[in-house]
Each structure stands twice: as C-alpha cells, then as structure tokens.
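Observations on the model geometry
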Amino acid sequence: VQLVESGGGLVQPGGSLRLSCEASGFTFSRYTMRWYRQAPGKGRELVAGITNAGGGTNYADSVKGRFTISRNNAKNTVYLQMNSLKPEDTAVYYCNAWDGRTRVYWGQGTQVTVSS
C-alpha cells in the first residue's frame, strides 16, 4: 500500500497550490479520502474529506471557501486545491485513506510553507 503526496512547496500569502495524492495497493474507489495537516508544535488536524464516490465532502472551518477536495477514481488520485493561502496554513499535509471501518493508510506528507 502506498499513498504518495506531491505538490507542496513555498508560496506567498494569497497564492495557490494544488496537492495530489496517488494511491496504490488497495481498492481506492472503496475508501473515503482525507487530507490532514500538522503545523510545528501542534497536533494533526483534519482539513478536508471526500467520500468514496465523491458525493460528499467536508472541510475544517478554517479552510472553508478556500480549499477544495476532489478525487479521480480512474487515476487513484485525490487532490486538494488550496487558494488564498495564509501563513497559518503552513504545515505538513498528509493524505489519508479510510475504509469506513478500521483500515487506515497514511502518506508520508508534503510540506506547504506560506511566507513572503
């Protein structure tokens, strides 16, 4: 099983980034996919989630209206479009797969830094 994140980097406040997470080794279309983030000195927090068929999404209040989660089951990939980025969005972003029961997989994370 692998979850490989990409798309992180350094961006100025107000800028945009698109994160991708490519999955392999499990039946991607059966899993709810989520993005978490962890800032220095803080716990890991849920940023956004999307159901297996993509019909339902949820977001942390801090990112509503700025971030959009989507998925392409044909490509085994989940995305996080991040707009109007703020310095407080700086964190390591992790991809997460959950089967709705007990099986959970994590990626290694990708660093997002928002700074001028």
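See the structure shown above.
Computed from a predicted structure; not experimentally measured.

Considerations on the environment of Gln2
Tracing the chain through its elements places Gln2 in strand β1 (residues 2–6). The exposure class assigned to Gln2 is partly exposed, which follows from its relative accessible area of 48%. Each residue touching Gln2, except ones within four places of it in the same chain, is listed here: Glu22, Ala23, Ser24 and Phe26.

As for the sheet that holds strand β7 (residues 67–72)
If you walk across this open sheet you meet the 4 strands as β1-β3-β8-β7, and the pairing is antiparallel. Each end of this open sheet is capped by a strand with a single partner; those strands are β1 and β7. Neighbour-to-neighbour, the strand axes of this sheet turn through a mean angle of 15°, independent of strand direction. Two elements, strand β3 (residues 17–24) and strand β8 (residues 77–82), share 6 bridges in a ladder whose sense is antiparallel. Paired with Leu17 across the two strands is Met82, which belongs to β8.

Section: the pattern of salt bridges
Taken as a whole, this structure holds 5 salt bridges when the rule is applied. Close ionic contact of Glu45 with Arg37 constitutes a salt bridge, the shortest N to O distance being 2.6 Å. A relative accessible area of 5% places Arg37 in the buried class. Where Asp89 meets Arg37, a salt bridge forms, and the shortest distance between an N and an O atom there is 2.9 Å. Here Asp89 is found in the loop between β8 and β9 (91–98), whereas its partner Arg37 is found in strand β4 (residues 32–38), with 52 residues between them in sequence. Three or more residues are tied together by salt bridges with common partners; here these are Arg37, Glu45, Arg66 and Asp89.

Observations concerning the state of the cysteines
For the coordinates displayed, the defined rule picks out 1 disulfide. Bridging Cys21 to Cys95, the disulfide has an S-S length of 2.1 Å. Judged by the sign of its S-S torsion, about -85°, the cystine formed by Cys21 and Cys95 is left-handed. Of this pair, Cys21 sits in strand β3 while Cys95 sits in strand β9, placing them 74 residues apart in sequence. For the pair Cys21 and Cys95, one class covers both residues: buried.

Side note on the pairing of β9
The buried count for β9 comes to 6 of 8 residues, which makes it a mostly enclosed element. Bridge analysis of β4 against β9 gives 7 bridges, and the strand direction is antiparallel. When the sheet's bridge partners are listed, Tyr36 is paired in β9 with Tyr94. Pairing geometry for β9 and strand β11 (residues 110–114), over 3 bridges, is antiparallel. Bridge pairing in β11 links Val92 to Gln111. Looking at chain direction, β9 and strand β10 (residues 104–106) are connected through 3 bridges and run antiparallel.

The rules behind these values
- Residues numbered from 1 in each chain as written.
- Predicted model: local features only at pLDDT ≥ 70, side-chain atom pairs only at ≥ 80, totals over all residues.
- Heavy atoms only, no water.
- Helix = DSSP H or I, 4+ residues; strand = E, 2+ residues; numbered from the N terminus.
- Buried < 20%, exposed > 50% of the residue type's maximum accessible area, 1.4 Å probe, protein only.
- Contact = heavy atoms within 4.5 Å.
- Pairing = 2+ DSSP bridges.
- Axes fitted to C-alpha atoms, helices over the stretch in contact; angles between N-to-C directions.
- Salt bridge = Lys/Arg side-chain N within 4 Å of Asp/Glu carboxyl O.
- Disulfide = S-S within 2.5 Å.

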